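# Examination of the molecular architecture
For reference, the chains in residue letters:
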Amino acid sequence: MGPLRGRSAELGQLLEAMRAAESGKASLTVVTGEPGIGKSALVRGLVEQAERRGLLVAQAAAHQTDELSPLASLAPALRTGTEPLISTDHFLELAALNGQPLWLGERLADLIGRRLDGAPALVVLDDAQWADPLTNFVLRIVIARLSRAKVMWLLATRPAPGALFDQLIDAVRGQVPVHAIQLAPLSTEAVLELAADRLGTPVDPSLTVRLGGVQGVPFLAEQLVAGLYLADLPDGLVEGVRRRVSSTTELCQALLRTAAVFGSEFQLEDVAVLMGEPIAKLSGPLEEAIRAGLLADGRSTLGFRHELLRAAVLAEVPPSAQRALHRAIADQLLASGQGASAAAPHILATAATGDVGAINTLRKAAQELLATMSITALNVIRQTFELTLVDDEFRLEVGDDVVAILLITRQFAEAEAFAADLLGGTALYSGPVSPDLRASLMLRLLPHRWATGRLGQSELEVPGASAPLAERLRSYRVLARLEEPFESSDPVAAGIQHLAAAEQAQRAGRYADARDLYRQARVAAGEQVGSHPAIHIEIAELFCQAQADDLVRALDRLKELLGASDSWLAPQLSALRAQLELATGNLSGAADAAHTCIRWSGEVHDVSSEPIARQVLALVALLQGRLSEARGQAAADTQIHALLALADGDTSAAARLLDTPLDYPERHALLIQAATATPDPKIATQAADLLAAQATATPTLTFQSTATLVAEWITLTHYPTPPNPKATTPPSPSGDDGEHGDTGAAASRARLAEVVDGLQGSPRGLLPAMAEELFGRAELAHGERAVGVAALERALQRFTELGATAPAAKVQAVLQAAGVRRRRWAAVQTRPVSGWEALTPMERRVALLVAEGHTNRSAADELVLSASTVGTHLRAAFGKLGVNSRVQLTRLVLERFTSPPNA
């Protein structure tokens, strides 16, 4: 490679980014410029420097035809060089994931990360404006995932505002530094130096004058020197190429014209077949074209030396000849078995409006592309639709294809709008609409409307539709709770009604019934119009399966689906995994899955699962005593705010936990906290009643044990002695009316012990520890110190092993209050020395009351303390919070709580 002229500043920027990558600072650099401005030369200059410095270099260039092949643009970079980024076996493994872009990106990032293992690398994609959609999507994930690797990513592109490429840049911005380099025309001095390099001699005055006409474009300067650009003509490159081509043999000219229609890259075998000439006869003309500076031999393929040269050759081919060649190429590709998708660009270049044969081939091409290149499939079917006649009923059939592919590519709003225009007598389609086609279009949209809670707003009847379609629409009325179930012979309609019954069972808390009904609905699901995707149904089924105490198998199946199912559902799958990991007590696994859900939600632009992920993160933070983090994740979540208030010593917040929805993560654990934290027996009894109702609806070990646990706890805590006959408190939840005093207490303690024993094998890691804690506290309260301490120590050990430092700290405090002494306690998180988390529960309660306007005396009355004790707590809070007045304390509380903490 000759010297890089006029680009020292730009090369310096690239070298700076490369050195940063060597030191562990990954980045993305985007070089932008018009065709011929020297992007590829700059890229080659950096690659040369990287190889000298010993970096692993992976490079490729995209081509105009790449959009038809999944990962066509990036794949060569993965396999180039003596030490490719991806081994052959792993590369073949990736091919199976082409239809699941998220899983593909995650797997590719993992493989590249392991391959580099701390080594620096340069990854280059030239002509990125032509990168296929899958390459663009996968790069978003891989660059973000490898943000801490020693990788410099370099993309060279023409300006193309609003393209997929811009979405890639926007997606990684914030994950890694993004540098933009805009190439301007070369200076006159640089152009002259470039020309001298090519000539090997100084530039003479006449050439200097002509070089002034290239306007600083290095490609044109090189072509002028080579005789392919005539600077004194308006269209100098086309004229120069025309003259060069005319100087070759007729067979070479035919070869160049045919190749120009094929595209920027082509196989000599394909061109030979189209020309009707043996390959051997074309070897001489091929050598002519290469010597003329027009073609380059890339070993596996041939191509024009620059896209501008191909365009110049193509400009000399009459439009009628171009159409004939495109049609011949399409016929040849179809006849050779390369598929409708390979022929699609050539058909689109020649098809006329109303050409039914071309339209049907293009519909087939869209279906072929759909599994691996859904965005390309959508582009093809949209162009196909435009070839149909506006009043032809055939247009409606193709429109049905458009809606189906829009839904698959998750462009739901556009699918609904397009369907509405098709059926609404607009300018989009003015022909007749048969009842079956109307019903079919509606049924395509209904699964998404169901998933987004808009089923009740849909039109669910089409007079005159065939029996199967009419029954499916009627079944959606059942699903929308607008009609009672009915007998149906159509399997799709029957499956929808199973789904309706499953939802009803789940709303009632009958999780075992719901699980079985979801399973029936999933088995009935198929590919027919109106069917719900089986994976959507299985997600609901797995949630109910876990709630029905088949937690381990549900989690195992969920792990299988993650990486093997529809990657667009990755956020929902990760959100469910976060819930199930939390249920097992795997707090780190739950947090990891929740963070993954949030990250993947951004990747697929679907944030519907993010609230669940943030609930799990808040619950994990609460269990680990990180209250500020929990508050940051809480948003407007009523349950999290109630738990935070309880942590701050506000026991009245327990009442707000009674409204916890049935499907809230670990609802039974929240109700246990509500019952055991409140001093109000009525609230505790309501929590017990909710748990008892859940145990009746789904009589599993978890629900039955928690119901018994809370009922006996309330009996022992709120009704420890025979009640006064004149008292107005409600009866004991355990059914013990207290007439036998100590005998009843002993029976309740015995039942608590049975619950503890029964939960020892539970897969729900935190639940046995909670039961041990309540049993230990009950035993201590009734004088059984040895039994109580043993139970509390088991609870402490369990909580500590699970990383639940907040409940562990509470249990440790109970043990210490009971006189238990150890040289070293378990690694329970220590309280900070300053800030809100440094306050004790009573100091927090005092601080909140003072911030609400209480005096020391009124706060003392509220807390049943002396005013001096309140003053002591307040002074301690002032010191830990770094304030010295009630006004500053109030301001701090208002800043911390977006709404009043006791609201």
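Worth saying up front: this structure is predicted, and the values here are computed from it rather than measured.

Turning our eyes to something else, we now look at the overall build of the chain. Counting its regular elements, the chain contains 43 helices and 8 strands. With the principal axes as the frame, the chain shows a C-alpha extent of 115 × 70 × 50 Å. If you take every contact in the chain between residues at least 6 apart in sequence, the share linking residues at least 24 apart comes to 63%. Element-wise, carbon and sulfur atoms account for 52% of the exposed surface of the chain, whose accessible area totals about 39,100 Å². In the chain, which carries 82 positive and 102 negative side-chain charges, the distance between the mean positions of the two groups comes to 7 Å.

Turning to the pattern of salt bridges, a few remarks are in order. Applying the stated criterion to the full structure yields 50 salt bridges. The closest approach of N and O atoms between E222 and R198, which form a salt bridge, is 2.6 Å. Pair noted here: E222 is in helix α10 (residues 218–226) and R198 is in helix α8 (residues 188–199), with a separation of 24 residues, a long-range link. Judged by relative accessible area, R198 falls into the partly exposed class, the value being 42%. R243 is the salt-bridge partner of E239, the closest N and O atoms lying 2.9 Å from each other. Here the residue E239 and the residue R243 both occupy positions in helix α11 (residues 236–246), the gap between them amounting to 4 residues, near one helical turn. Judged by its relative accessible area of 44%, R243 is partly exposed. A single salt-bridge network, built from bridges that share partners, covers E93, R107, D110 and R114.

As a further point, take the environment of R823. Its place among the elements puts R823 in the loop between α39 (805–817) and α40 (841–851). Once the C-alpha coordinates of R823 and T685 are considered, the two residues, 138 residues apart in sequence, prove to be 40 Å apart.

Ordered by their spatial adjacency, 5 strands build an open sheet running β2-β3-β4-β1-β5, and the pairing between neighbours is parallel. Of all the strands in the sheet, the pair left with one neighbour each is β2 (56–61) and β5 (178–182). Going from strand to strand, the sheet's axes swing by 15 degrees on average, the running direction of each strand aside. Of the pairings in the sheet, the one linking β2 to strand β3 (residues 121–126) comprises 6 bridges and is parallel in character. If you follow Q59 over to β3, its bridge partner there is V124.

Further remarks concern the sheet that holds strand β8 (residues 302–304). Sheet strands line up and pair through hydrogen bonds in the backbone, either parallel or antiparallel. Read across the open sheet, the 3 strands follow the order β6-β8-β7; overall the sheet is antiparallel. Two strands in the sheet have a free side with no partner beyond their single neighbour: β6 (265–266) and β7 (295–297).

Take the side chain of T29 next. In this structure, T29 sits in strand β1 (residues 27–32). Beyond its immediate sequence surroundings of up to four residues, T29 is in contact with L14, A17, M152, W153, L154, L155, H179 and I181.

Counting buried residues in strand β4 (residues 151–157) gives 7 out of 7 residues, a clear majority hidden from the surface. A two-sided burial pattern is seen for β4, the buried positions comprising V151, W153, L155 and T157 on one face and M152, L154 and A156 on the other. With helix α6 (residues 133–145) bridging β3 and its parallel neighbour β4, the resulting β-α-β unit is right-handed.

Bringing the packing of helix α26 (residues 534–547) against helix α27 (residues 551–561) into the picture now. With their axes 8 Å apart at the nearest point, α26 and α27 run at an angle of 155 degrees to one another. The pairing of α26 with α27 is recorded here as roughly antiparallel in orientation. For the pair α26 and α27, the sense of crossing is left-handed. For the pair formed by α26 and α27, the contact residues are I535, E538, L542, Q545 and A546 on the first element and L551, R553, A554, R557, L558 and L561 on the second. Tallied by class, the residues present in the contact of α26 with α27 amount to 7 nonpolar, 1 polar and 3 charged.

Before going further, it helps to examine the confidence of the model for the chain. For the chain, mean pLDDT is 88; residues scoring 70 or higher make up 94% of the total. Taken element by element, the chain is modelled with least confidence in helix α7 (residues 164–172), mean pLDDT 77, and with most confidence in helix α30 (residues 610–623), mean pLDDT 96. A low-confidence stretch, residues 722–732 stays under pLDDT 50, and its non-local contacts, those more than four residues away or across chains, total 11 contacts.

On inspection of all chains with the given rule, the structure shows 5 aromatic pairs. With a centroid separation of 5.2 Å and 70 degrees between ring planes, the pair formed by W103 and W600 is classed as edge-to-face. With W103 in helix α5 (residues 101–116) and W600 in helix α29 (residues 587–604), this pair connects stretches of sequence that are 497 residues apart. We classify W103 as buried; its relative accessible area is 5%. Cation over ring: R395 sits above F385, and NZ or CZ is 4.1 Å from the ring centre. One Lys or Arg, R474, reaches over the ring of F486 and ends 3.9 Å from the middle of that ring.

Three or four residues apart is the spacing at which side chains of an α-helix point the same way, because the helix has 3.6 residues per turn. The buried count for helix α13 (residues 268–275) comes to 6 of 8 residues, which makes it a mostly enclosed element. Among the residues making up α13, those that are buried are L268, D270, V271, A272, L274 and M275. Structurally, α13 contributes buried residues whose contacts are with α12 (250–262), β6, α14 (279–291), β8 and α16 (319–335). Following α13 by one or two positions, G276 has its phi on the positive side, about 70 degrees.

To continue, consider α11. Within α11, the full set of buried residues consists of G236, L237, V238, E239, G240, V241 and V245. Among the structural elements, α10, α12 and α15 (307–314) are those in contact with the buried residues of α11.

This part is about unusual backbone geometry. Despite not being glycine, D117 shows a phi value in the positive range, around 45 degrees. By the element assignment, D117 lies in the loop between α5 and β3. Assessed through its relative accessible area of 67%, D117 is described here as exposed. Positive phi, close to 50 degrees, is recorded for A635, a residue that is not glycine. Structurally, A635 is set in the loop between α31 (627–634) and α32 (638–647).

Cut-off values and rules
- Residues numbered from 1 in each chain as written.
- Predicted model: local features only at pLDDT ≥ 70, side-chain atom pairs only at ≥ 80, totals over all residues.
- Heavy atoms only, no water.
- Helix = DSSP H or I, 4+ residues; strand = E, 2+ residues; numbered from the N terminus.
- Contact = heavy atoms within 4.5 Å.
- Areas by Shrake-Rupley, 256 points an atom, 1.4 Å probe, with all protein chains shown as cover.
- Lys, Arg positive; Asp, Glu negative; His and termini not counted.
- Charge placed at Lys NZ, Arg CZ, Asp CG, Glu CD.
- Salt bridge = Lys/Arg side-chain N within 4 Å of Asp/Glu carboxyl O.
- Buried < 20%, exposed > 50% of the residue type's maximum accessible area, 1.4 Å probe, protein only.
- Pairing = 2+ DSSP bridges.
- Axes fitted to C-alpha atoms, helices over the stretch in contact; angles between N-to-C directions.
- Right-handed = clockwise from strand over helix to strand, strands pointing away.
- Parallel < 35°, antiparallel > 145°, perpendicular 65-115°, else oblique.
- Left-handed = near helix turned anticlockwise from the far one by under 90°.
- Nonpolar A, V, L, I, M, F, W, Y, C, P; charged D, E, K, R; others polar.
- pLDDT = per-residue confidence, 0-100.
- Phe/Tyr/Trp six-rings, centres within 6.5 Å; stacked < 30°, edge-to-face > 60°.
- Lys NZ or Arg CZ within 6 Å of the ring centre and 35° of its normal.

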